[in-house]
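Remarks on the overall topology
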Amino acid sequence: MKKDALRDKVAVVGVGCCRFGENWGQSAADMIVDAAYEAYADAGIESPQRQVDAVFTGSIYSNKGPHECSDALKLFGKPVTMVSNYCATGTDAFRCAALSIAAGLHDTVLVVGYDKPKDRGVAGPSVMMDRVRDLPQTPAGWFALCASTYFEKFGAGREDLAKIAVKNHHNGTLAPNSFLKREISIADALNARMISWPFGLYDCAAQTDGAAAAILTRSDLAPQFRDDFVLLKGAVVIAGPNPQKDPGNDFLSWKPTGWAAKEVYEQAGISDPMRQIDVAQLHDCFTLTELLSYEDLGFIEKGAAKEHIAAGSFELKGDLPVNTDGGLKAFGHPTGATGVRMIYENVLQLQGRAGARQVPAAEFALSHNIGGHPTACGIAILGRR
Amino acid sequence: MAVGIVSYGAYVPRARVGLAALAGGARREGGPERAVAWHDEDCVTMAVAAGGNCLRGFDRESLDGLFFASTTHPYQEKQSAALIAAALDLRRDVRTLDVSGTLRAGCDALRAALDAVAAGTARRVLVVASDCRLGAPGSALERNFGDGAAALLVGGENTVAELRGHYAFADEIVNVWRGGGERFVHAWEERFVLQEGTAPGIAEAVRGLLQKLGAGQGAQVRAGSAQGVAGGADPAQGDAGGFDPAQSDAALRVALAAPDARSHAQAARKLGAAAESLVDPLFGRLGNAGAAFAPLLLVSALERAAPGERILLAGYGDGGCAMGFEVTELAAKLEARRGVDWHLERRRAADYQRYRRARELEIPEYEAGASPGLSATVHFRERDSDIGFKAQKCRACGALQFPPQRVCESCFAKDDFELRRISDRTGRLVTWTLDYFYPTPEPPTAVGVVDIEGARVHMQLVNLAAEDLRSGLPLDFHFRCMHRVGGRPNYYWKAAPAGE
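Residues numbered from 1 in each chain as written. Chains lettered and ligands numbered in written order. Predicted model: local features only at pLDDT ≥ 70, side-chain atom pairs only at ≥ 80, totals over all residues. Heavy atoms only, no water.

A look at empty space enclosed by the protein
Where empty space is left can be seen by rolling a probe of water-molecule size over the atoms. One pass over the structure, following the stated rule, counts three cavities of 30 Å³ or more. Taken as a whole, the largest cavity spans an internal volume of roughly 100 Å³. Considering the residues around the largest cavity, the lining is formed by 13 residues, among which Leu103, Ala257, Gly290, Phe293 and Tyr316 of chain B are closest to the centre. Mapped by element, the contributors of at least two residues to the lining of the largest cavity are α4 (105-119), α9 (293-303) and β12 (310-316) of chain B. No other element matches α9 of chain B, which puts three residues into the lining of the largest cavity. Here the lining of the largest cavity is composed, by residue class, of nine nonpolar, four polar and no charged. Lys163, Ile164, Lys167, Tyr294, His308, Ile309, Gly312, Phe314 and Glu315 of chain A together form the lining of the second largest cavity. Taken together, the elements giving at least two residues each to the lining of the second largest cavity come down to α7 (158-172) and α12 (305-311) of chain A. Per-element tally for the lining of the second largest cavity: the top contributor is α7 of chain A, with three residues. Of the residues contributing to the lining of the second largest cavity, the split by class is four nonpolar, two polar and three charged. (1 Å grid on protein atoms, 1.4 Å probe; cavity = no way out; pocket = protein on both sides within 12 Å on 5 of 7 lines; lining within 4 Å. Points joined across faces, edges and corners; volume = space filled by probe spheres on them. Helix = DSSP H or I, 4+ residues; strand = E, 2+ residues; numbered from the N terminus. Nonpolar A, V, L, I, M, F, W, Y, C, P; charged D, E, K, R; others polar.)

What to know about helix α1 (residues 28-43) of chain A
Residue and element names in this part refer to chain A. Its 16 residues give α1 an end-to-end C-alpha distance of 23 Å, which sits within 8% of 22 Å, the value for a rise of 1.5 Å per residue. Taken together, the buried positions of α1 are occupied by Ala28, Met31, Ile32, Ala35, Ala36, Ala39, Tyr40, Asp42 and Ala43. Viewed end-on, α1 has its buried residues packed into an arc of 165°, placing them on one side of the element. (Expected span 1.5 Å × (residues − 1). Buried < 20%, exposed > 50% of the residue type's maximum accessible area, 1.4 Å probe, protein only. Arc of directions from axis to C-beta.)

Concerning the pairing of strand β15 (residues 390-394) of chain B
All names here are of chain B. Counting buried residues in β15 gives four out of five residues, a clear majority hidden from the surface. In terms of strand pairing, β15 meets strand β17 (residues 417-421) through five bridges, oriented antiparallel. Its bridge partner being in β17, Lys393 is matched across the sheet by Glu418. Strand direction decides the pairing type here: β15 and strand β16 (residues 400-401), joined by two bridges, are antiparallel. Along β16, the bridge assignment pairs Lys393 with Leu400. The loop that links β15 with its antiparallel partner β16 comprises five residues; one of these, Gly398, has a positive phi angle of about 85°. (Pairing = 2+ DSSP bridges.)

Treat this as a map of the structure, not an account of what it does.
Here's what the structure looks like:
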């Protein structure tokens, strides 16, 4: 088994992302076309029907299968794969695309992550009542289960979570395609209506519509598309037990993140993530999820998040800027699109194209999704050429 | 063969609504109130709670029957008793029976159980009576009713109270009724109900019992004559086993399940019962509990009975029913039960608006029946875990896990498990949250992960306030209705602070 079998085999040569938001006037197909055609243009692809060999697409709200994407883009006569893995869907679609290239099966592959939750007529996730066990099945309720235990052990509290929300709202104001472009204060976050203790409204990601796309190719072919292509260093998706029934769970971390981090660092050759990684997009479905991820990804020691939040370590000008485009919190969270949107942001950061939110001289960028109860974690690491 | 009561238990919902608030006024703390089954409770959940309380310390395998009485069965076609038997994890060949249609149903079920044990066709039968009737909002019936359940374990050995006799009669009268498909109970004019129904019905039933008991000693009581009892003037009744209220000594407890204070007083007067012999009918605290009312009063009497005392129980409904019990020496030895007193001490004042939402008296935005709801096949496959609340124990590594699954979570052994009931175990709260997003009549929903001897279960928490939540909190388990999506009650278990 070669842990570094993926490293530098695959390049990202084009990215695209539609405006995330309550896109009342756009269908899923409309957003897919926006994102994919931006990625085509970014890669210099003029004839996708000829130049794209395969498509990997991901969505959790769509029930139309891969056809929704291939029909929108009129990409027929080639393999189109639909991936679904909760909130890790985007990273998983990206990973599967990379594997197909590394295997030598395809040269150039399109990845599209998308979701259109705002056609359901409800704010927030659907309430699932088709069972009696494990109710309420609300994501806020699931992800809040680490709060009482973590707060009790490490002395953190709602104020620390609020600082993460304030940071991500600020970063969101700097990203042209983000949904929320409004600064908030600590007091705004603390005084907002409660969703699931300790999460108030501003501790929760903004559920939106959206689509994001990336063009991947063999790294030896990448120069044909653009000079400043970005190389894939590692990509993993790991399954974990349902934390609610996992007998050994201490509710101080989400296990799959730790497992996925160990694996992806070996793939990418990372030994000191806090120092080696320059920018990271973390899965801030809730503020606490971002806090736990600082630690579970090995950026800092378990329990040290509170002091690092106070020191601003993860702010735009900090040691390791996190969620530079506002994250799920402010950029928006169309479930299947999110992992690919993170790739989009990291590519822009590595290419020095991130505008007002640019992290100087970034060499390595990490993106992280966590999905399910949570029961899955996906991580991708990109590096400058 | 001597038959009687081996154990008993009760359940009264915690929520209490002030009668003043139901009458349109403001709630006064300390004023008269009634018990209200909350949005996650119904006659079945209350029956499971009362049954569990009754069976505490008894082997559930020893039960040959479960007879269940109610006028508010959740289904018109589909048995409540079979559901309750599954939730209580009774034997598969337990004889289940639903009794319904009359306020006398609780007494009828008890008599049937006593007869079955006396006949030798069953050794032990659990009798549960439970009711949560609805009076129309603002009506006198709404203020009169109270929700609750009583459970009595009937057997021929180790009885705490032995049956001395029972009597019942049937009568045709339209005084209190509820038609098919109707939610609210109706009553004819109050004075008619009182004068021709309840009070004379109770008196006639008691008189019939006394006649049966006295017959052995040559007593002669004329049927159809209330007067002979009311004055207590007939000396021939003096030997009716010591159950004649008019001849009452300090050792007779008279429990009259008359539906309201006025008919209770009138029935007591007709029987010549001394005030100090009467078992408190709990008006203004619990309320008229319908088919469960007489069994609840019997439980209440048993809770405070000393060996050698006698209990006369009488109830009304399409006729009447009376029973006489004598308390045995074992009554003093039975481990304390969660009965009527235990539950009346544990109350929570509920405001009127929340009561209306909890009892679905408001018009909802969407009908619950609009969705097909819980899949019947999923329910069928998962009934051991969802209804029986059974975990599995891995034979290879000993780990307990929930729900049952094919591969062991700890040692990965395949298909090597045995089911274990966890509904009567004590759990420990690992972590928790308060969910304000989940739709319920009373947000937030407290929910946590509970460790039950190593098995982890994500479940809702009840009977506690936010400040009670802490890791390590001991919890026990309560069968509840999770929702009514699909127009059916969908049941599962919730956790509550143990021993509380």
